[in-house]
Amino acid sequence: ISNNDTTIAILEVESHGDDDHEDHEDDVHADPLGFQLEEDNQGTYTYRQLGLAVDGSIVLDVGETKEFSVHFLDCDDLISQLDCDAFQECVWDADDSSCEEDGHEHCDEINGQTACEASDHCEWHADDNSCEDEEHGMHIEITGVEAGSTVFQIRLMHDGHVDYVSEDIPITVVNPAMFSCNSKEVCLKK
């Protein structure tokens, strides 16, 4: 990823698709509400886009590498009624305080492998005989090369066309040698 002909960071993407699953219908399209990037061993996301709302930032040192898992968000991932109500395809269920896709069947309520596999968004887990929402994982590895700032986008492709394009995702790479920090972790530029 560059900024003004200077390489700021190197980005590597690894997809964990459904190589080990049966083929799905070609007309099934992903329509995520957004995504979040989560670092390994972190309790929450580092960066998230939900609709047009952005939260978090990606900052790394020169020479540092960070790996993020990418989680595309749908109605089930929204935890507040305010967020849920912001999307017309989502419905707030006051009985269990959860957000659901309007008319969406719940994979965990489907009984049997045949019915589960017939659904366009569920997958059968033989190890515990359960039907669960289908997961497609992706990891992004970012390595800081030179101090600066730049942006990149995530594009979710399907059958040769784009189903989803993120807003620009900013990355800032800093050179820790350019800063001095006191005991309270307040850093100032030298």
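Relevant structure appears above.
Notes on the structure in this doc start here.

### Remarks on the overall build of the protein
Phase 1: Regarding its fold elements, the protein presents two helices and 19 strands.
Phase 2: For the protein, the proportion of its 190 residues judged to be buried stands at 29%.
Phase 3: Considering only intrachain contacts with a sequence separation of at least 6, the fraction spanning at least 24 residues in the protein is 56%.
Phase 4: Accessible surface for the protein amounts to roughly 12,100 Å². Of this, 44% is attributable to carbon and sulfur atoms.

### Quick notes on the environment of Ala 126
Phase 1: Within the secondary structure, Ala 126 is located in the loop between β11 (122-125) and β12 (130-133).
Phase 2: Remark: the alpha-carbon pair of Ala 126 and Gln 113, spanning 13 residues in sequence, is separated by 8.4 Å.

### Let's talk about the packing of aromatic side chains
Phase 1: Counted under the stated rule, the structure contains two aromatic pairs.
Phase 2: Between Phe 35 and Tyr 47, the aromatic rings sit 6.2 Å apart at their centres with planes inclined by 35°, giving tilted as the arrangement. Of the two residues, Phe 35 sits in strand β4 (residues 34-39) while Tyr 47 sits in strand β5 (residues 47-50), which places them twelve residues apart along the sequence. Each member of the pair, Phe 35 as well as Tyr 47, carries the same accessibility label: buried.

### Let's talk about unusual backbone geometry
Where the residue is not glycine, phi is negative for most of them; where a peptide bond is considered, it is trans in most cases.
Phase 1: If you check the backbone angles, Ser 97 has positive phi at about 45° while not being a glycine.
Phase 2: With respect to the secondary-structure elements, Ser 97 resides in the loop between β9 (90-93) and β10 (98-101).
Phase 3: Despite not being glycine, Asn 129 shows a phi value in the positive range, around 45°.
Phase 4: Since its relative accessible area comes to 57%, Asn 129 is described here as exposed.

### Things to note about the state of the cysteines
Phase 1: Tallied over the full model, the rule gives three disulfides.
Phase 2: For Cys 84, the disulfide goes to Cys 99, at an S-S distance of 2.2 Å. Judged by the sign of its S-S torsion, about 80°, the bond between Cys 84 and Cys 99 is right-handed. With Cys 84 in helix α1 (residues 81-85) and Cys 99 in strand β10, this residue pair connects regions lying 15 residues apart in the sequence.
Phase 3: Since its relative accessible area comes to 0%, Cys 84 is described here as buried.

The rules behind each value
- Residues numbered from 1 in each chain as written.
- Predicted model: local features only at pLDDT ≥ 70, side-chain atom pairs only at ≥ 80, totals over all residues.
- Heavy atoms only, no water.
- Helix = DSSP H or I, 4+ residues; strand = E, 2+ residues; numbered from the N terminus.
- Buried < 20%, exposed > 50% of the residue type's maximum accessible area, 1.4 Å probe, protein only.
- Contact = heavy atoms within 4.5 Å.
- Areas by Shrake-Rupley, 256 points an atom, 1.4 Å probe, with all protein chains shown as cover.
- Phe/Tyr/Trp six-rings, centres within 6.5 Å; stacked < 30°, edge-to-face > 60°.
- Disulfide = S-S within 2.5 Å.

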